[in-house]
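# Per-entry structural report
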Amino acid sequence: MIQRDISTYGLVGFPVKHSLSPLMHNTAFKLLGAEANYELFSLEESELDGFFSELKEESSPIFGLNVTIPYKEKVIKYLDGISPFAEKVGAVNTIVIMEDRRLIGYNTDGPGFIAHLEELKFSFNKKRVAIMGAGGAARALVTALCIAPNRPQSLKICDIDKGKTDNLINDLGERINVGIVEAVNSIDDLNIELADLLLNATPIGMKETDPVLIEEDLLHQDMLVYDLIYNPSETTLLKIAKDRGANTSNGLGMLFYQGVLAFQHWAEGEIPDKVKKAMRQALEKGLAQK
Ligand code: NAP
């Protein structure tokens, strides 16, 4: 990657304009002395066919992509290969474009989440996990948790649309063992009072006016409340959880690790710790300025 004249990397999605990924990846390119730039590709669905067909051309300067909402599943049909984990999830957030223009898809959301929880020293072994939201992010987390060597004891999941939760379990169940996962009808049935880890994988909390989805009294000091949202850096859910004595974390660490893992797929190797540190600082600084 570093040897080419000018290579382009970027994020495909809609919308993408508020993304912090360019800050993180361009910081790494600069420190590594790479002639590369990370850009935002805001694409309508009708533009995907054309974009991916141009990617195949020998003259294309693009050698790596991230993919975000709403295309993580839709891009799979354009790929020439997919990693075993991304295949299990059924969604791709990272694409490597090889010298021969073959496109290989990966999913670093699941491993990124696991890496952040390791950093937080949270072990899943024998733990009870409750998840709110059964969208794309939850799908990656559930897959990662189900196949983890120290998988949790139980994983209850609910979504505003119960059909979505059932679909997620049925679909993943065709490829992995989802025996620990239970779809519940409502947030009340998540048994948050008994959970060791509560995950918010809904977008509720991004806006100041958003409601808190749970009963405050159910939160307790023996749990970690993890909100995938990182902007705002402290959602009302996290504020309340902290007041109740729970450990809390936002999703910035997950964003960081998924980005590092994506970068390492493009670079085909580990990046130095000092570059990783700078990537994280760039994210933190970028977020503070939002
Ligand atoms: P998504 O595919 O839209 O999934 C969110 C799910 O939550 C949807 O199924 C949605 O249902 C459901 N939901 C909405 N309101 C709900 C409620 N009141 N109760 C229960 N379920 C509800 O989005 P996503 O890609 O999974 O992302 C989810 C969140 O994680 C977003 O805030 C995103 O920014 C964040 N995220 C963070 C990272 C990171 O690296 N930190 C990575 C990925 C995602 P409807 O579709 O019916 O509304």
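Structural data are supplied above this passage.
Now for a quick tour of the structure.

Rules used in this analysis
Residues numbered from 1 in each chain as written. Predicted model: local features only at pLDDT ≥ 70, side-chain atom pairs only at ≥ 80, totals over all residues. Heavy atoms only, no water. Helix = DSSP H or I, 4+ residues; strand = E, 2+ residues; numbered from the N terminus. Rg over C-alpha atoms; globule rule 2.2 N^0.38 Å. Buried < 20%, exposed > 50% of the residue type's maximum accessible area, 1.4 Å probe, protein only. Areas by Shrake-Rupley, 256 points an atom, 1.4 Å probe, with all protein chains shown as cover. Lys, Arg positive; Asp, Glu negative; His and termini not counted. Charge placed at Lys NZ, Arg CZ, Asp CG, Glu CD. Near = heavy atom within 4 Å. Polar contact = N/O pair within 3.5 Å; in protein donor to acceptor, adjacent residues only side chain to side chain. Nonpolar A, V, L, I, M, F, W, Y, C, P; charged D, E, K, R; others polar. Salt bridge = Lys/Arg side-chain N within 4 Å of Asp/Glu carboxyl O.

## Some points on the overall build of the protein chain
Secondary structure summary: the protein chain contains 9 helices and 12 strands in total. Radius of gyration (C-alpha) of the protein chain: 19 Å, near the 19 Å computed for a compact globule of 290 residues. Reported as C-alpha extents along the three principal axes, the dimensions of the protein chain are approximately 60 × 40 × 35 Å. Burial status across the protein chain gives 53% buried among its 290 residues. As displayed, the protein chain has an accessible area near 13900 Å², and 48% of this comes from carbon and sulfur atoms. Within the protein chain, the 41 negative side-chain charges are centred at a point lying 4 Å from the centre of the 30 positive side-chain charges.

## Topic: the site of the ligand
Near the ligand there are 20 residues, and of these A137, D159, K164, L228 and G251 occur at the shortest range. Interatomic distance of 2.7 Å between a side-chain N/O atom of D159 and an oxygen atom of the ligand. Residue L255 places a main-chain N or O atom 3.3 Å away from an oxygen atom belonging to the ligand. Here the ligand has 920 Å² of accessible area as a free molecule, and 77% of this is covered by the chains. Of all the elements in the fold, those that place two or more residues in the shell around the ligand are α5 (136-147) and α8 (252-267). A class-by-class count of the residues in the shell around the ligand yields 13 nonpolar, 5 polar and 2 charged.

## Quick look at the pattern of salt bridges
Taken as a whole and judged by the stated rule, the model has 14 salt bridges. For D109, the salt bridge is made with K72, and the minimal N-O distance between the two is 2.7 Å. Taken together, the residues span a long stretch of sequence, with D109 in helix α4 (residues 109-119) and K72 in the loop between β3 (62-67) and β4 (81-82) at a distance of 37 residues. Of the two residues, D109 and K72, neither departs from the other in class, the shared state being buried. Two residues, D171 and R175, come together in a salt bridge whose shortest N-O distance is 3.3 Å. What makes R175 partly exposed here is its relative accessible area of 33%.

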